[in-house]
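Here is what each chain is made of, one letter per residue.
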Amino acid sequence: MDLFQYMKEQKQEKDAPLAARLRPKTLQDVVGQQHIIGKDKLLYRAILADKLSSIIFYGPPGTGKTTLAKVIANTTKSEFMQINATVAGKKDMEEVIEKAKSLLGMYGKKSILFIDEIHRFNKGQQDYLLPYVEDGTITLIGATTENPYFEVNSALISRSVIFQLEPLRKEDIKVLIQRAVYDKEQGMGAIDGEIEEAALDFLSEVAGGDARHALNAIELALLTTERGNDGKVHITLSVAEECIQRRVVRYDKNGDNHYDTISAFIKSMRGSDPDAALYYLAKMLYAGESVTFIARRIMICASEDVGNADPNALTVAVSASLAVERIGMPEARIILAQAASYVASAPKSNAVICGIDEAMGCVQTTGDLKIPSHLQDAHYKGAKKLGHGTGYKYAHDYENNYVEQQYLPYELNGKEFYRPSGNGYEVKIKEHLRRIRKEASHEEKES
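Residues numbered from 1 in each chain as written. Predicted model: local features only at pLDDT ≥ 70, side-chain atom pairs only at ≥ 80, totals over all residues. Heavy atoms only, no water.

Participant: Any details on helix 7 (residues 123-134)? Residues and values, ideally.
Facilitator: Residues separated by three or four positions in an α-helix point in the same direction, a consequence of the helix having 3.6 residues per turn. Between its first and last C-alpha, helix 7 extends 17 Å over 12 residues, near the 16 Å set by a 1.5 Å rise per residue. All of the buried residues in helix 7 are Q125, Q126, L129, L130, Y132 and V133. Buried residues along helix 7 sit against helix 6 (90-107), strand 3 (111-116), strand 4 (138-144), helix 8 (148-151) and helix 9 (154-158). The backbone nitrogen of G124 has a side-chain oxygen 3.0 Å away, supplied by the residue at the start of helix 7, namely N122. Remark: G136 follows helix 7 within two positions and exhibits a positive phi of approximately 85 degrees. (Helix = DSSP H or I, 4+ residues; strand = E, 2+ residues; numbered from the N terminus. Expected span 1.5 Å × (residues − 1). Buried < 20%, exposed > 50% of the residue type's maximum accessible area, 1.4 Å probe, protein only. Contact = heavy atoms within 4.5 Å. Polar contact = N/O pair within 3.5 Å; in protein donor to acceptor, adjacent residues only side chain to side chain.)

Structure representation (structure tokens):
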């Protein structure tokens, strides 16, 4: 590298956005992603030992994909080269490969090629890399926000280890914000700023796990806010709101607003008002509520308030819960909206919850009533001699696959716990039970 190139890079680093300047240079400085770079994890050991195989970092924006690549660049003895798939063409790739070949052939030095946004490469470009990954000319590090199993050639996938990065936790974002405000070397500590706890909480919450989003807001706040009487730049809650262009929603996750909002959400679904349900859902999402928490409440409502009036409601709710865990925000909002509006619009019945609560109350009151002997297990040794299973009627041997016999303990003969409502699918359940019982009773009388 000549003097002019060195000076150019120094100036670029100095003038780079805060998020770029704060990128850690060592593994110890990396915040978050401990599930893949914790001290006992494969990636941590591989980076320290400089024994990387080809890898692909997959995760949302601002979670540290490029950061980890830069840490590897600072750690490895291999030649580190970088291209961005959004602007790189065939000529760029050919130059990189030729350089890697020369280094390997002349000096025995390996090369690591970091490709940002690798999903932007078409099939032909990805195929071009394959033989050089395969023969060790380059070690590939790809970064993508898209699912690599859909966007990256299966041949490259099979030769790479996939590491999925997760949105940063609120606590992680807080650490990075504080570094940005107070670190005088890499951050903006020289400005002599100070951030209020309320502003710190707000920014770390609304960042949605995206460190870059939070750091851009901090940089804007520090550069545009006038100094106070004490000579410091004070980042207040109102300043934070303005810089990130979002307003605070009164929603303390451990306070009354949290419970009031989730209560209104559930009662709106129960009350068959999909519009109100979507409003309260939006309020929770805007405030950064956990999508898994919301999904759990929808599942409960689907069973407790819809029940068998529409058995498909629980299926929709459970599917939504699985989907939001795999997809995350912002797309999770669509899945939660679908589930919430379905549950809100479905016919309602609480017959199931009434039934199980009454049955549990009965068990608590009556104690351990004896199970009718014909229902008891007849398979274990000596059971038949005790009369277990004797006289049991196999339902499938009878018309409608139903036969009248004593199922409840004899002390509860005639007791009803499940009383289907007249809503939705329970109309059919109610009619089905009435019909088979009536026909079975008629046949028994005739016999």
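Participant: Help me get a handle on the pairing of strand 4, residues and values and all.
Facilitator: Judged by how many residues are buried, strand 4 sits mostly within the fold: 7 of 7 residues are covered. Residues I138, L140, G142 and T144 line one face of strand 4 and the alternating positions T139, I141 and A143 line the opposite face, and both faces are buried. Sheet topology note: the strand 1 (residues 55-58)/strand 4 ladder contains 4 bridges and is parallel. Counterpart to I56 in the pairing with strand 4 is G142. Of the crossover connections in this fold, the one passing from strand 3 over helix 7 to the parallel strand 4 is right-handed. (Pairing = 2+ DSSP bridges. Right-handed = clockwise from strand over helix to strand, strands pointing away.)

Participant: Which residues make up the pattern of salt bridges, and what values do they have?
Facilitator: Pairs can form between side chains of opposite charge once their charged atoms are near each other. Under the counting rule described, the total for this entry stands at 17 salt bridges. With its nearest N and O atoms 3.5 Å apart, the salt bridge here joins E79 to K109. You can see E79 sitting in strand 2 (residues 79-84) and its partner K109 sitting in the loop between helix 6 and strand 3, a full 30 residues away along the chain. According to the relative accessible area criterion, K109 is partly exposed, its value standing at 31%. A salt bridge links D127 to K123; the nearest nitrogen and oxygen atoms lie 2.9 Å apart. Of this pair, D127 and K123 both sit in helix 7, 4 residues apart, which is roughly one turn of the helix. On the accessibility criterion, K123 (56% relative accessible area) is exposed. Within the structure, one salt-bridge network assembled from shared partners comprises E79, K99 and K109. (Salt bridge = Lys/Arg side-chain N within 4 Å of Asp/Glu carboxyl O.)

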